[in-house]
Amino acid sequence: MTWGKKTAGAALAAVLMATGTGLATAGTAEAAGAKYKCTSVVHLDLGRPKATSSCKKSASGKTVHKHRVKLVCDVVRGTGTGAEHTIPWYLWGPWKKPGEKSTVMCGFRSFTRSWSVETK
């Protein structure tokens, strides 16, 4: 009886390992073949420029593992007549997976110069 239980347990363990290995490789192959199209938008949030990037599955897209938004703001410096000038300020959102959104905001007294999506 003990011999039969050990054999059945070993056979069950082998089947479960093979199934688990197959599932792990199938998930990796599916993620590697997925293509995404990433976009970024910018809007005002309480008077501050806020940029958000997101990626959606698309047949005409490219392979994306992570993405983030890049926002360039013109920050106003100086006060008074003739002393006021702008400085470009570069901000990047955190790296996110394709299903998540990456967000970054400029400070007060800022204007939006440009925005884009970076991928890797």
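It should be noted that the structure appears before, not after, this text.
Bear in mind the structure is a predicted one, so any value in this text is a computation, not a measurement. (Residues numbered from 1 in each chain as written. Predicted model: local features only at pLDDT ≥ 70, side-chain atom pairs only at ≥ 80, totals over all residues. Heavy atoms only, no water.)

Student: Where do I start with the packing of aromatic side chains in this structure?
Tutor: Between two aromatic rings, the relevant description is the distance of the centres plus the angle of the planes. This structure, assessed with the given rule, holds one aromatic pair. Taking 6.3 Å as the distance between ring centres and 20 degrees as the angle between the ring planes, the aromatic pair formed by Tyr90 and Trp92 counts as stacked. Judged by relative accessible area, which is 44%, Tyr90 ranks as partly exposed. The cationic tip of Arg48 hangs over the ring face of Phe108; the distance from NZ or CZ to the ring centre is 5.0 Å. (Phe/Tyr/Trp six-rings, centres within 6.5 Å; stacked < 30°, edge-to-face > 60°. Buried < 20%, exposed > 50% of the residue type's maximum accessible area, 1.4 Å probe, protein only. Lys NZ or Arg CZ within 6 Å of the ring centre and 35° of its normal.)

Student: Got a minute to help me understand unusual backbone geometry in this structure?
Tutor: Trans is the common state for peptide bonds, and a negative phi is the common state for residues other than glycine. Although it is not a glycine, Leu46 adopts a positive phi angle of roughly 55 degrees. As for its placement among the helices and strands, Leu46 is situated in the loop between strand S1 (36-45) and strand S2 (48-57). In this structure, Arg109 takes a positive phi of about 60 degrees despite not being glycine. Turning to its location among the elements, Arg109 is positioned in the loop between strand S5 (102-105) and strand S6 (110-119). (Helix = DSSP H or I, 4+ residues; strand = E, 2+ residues; numbered from the N terminus.)

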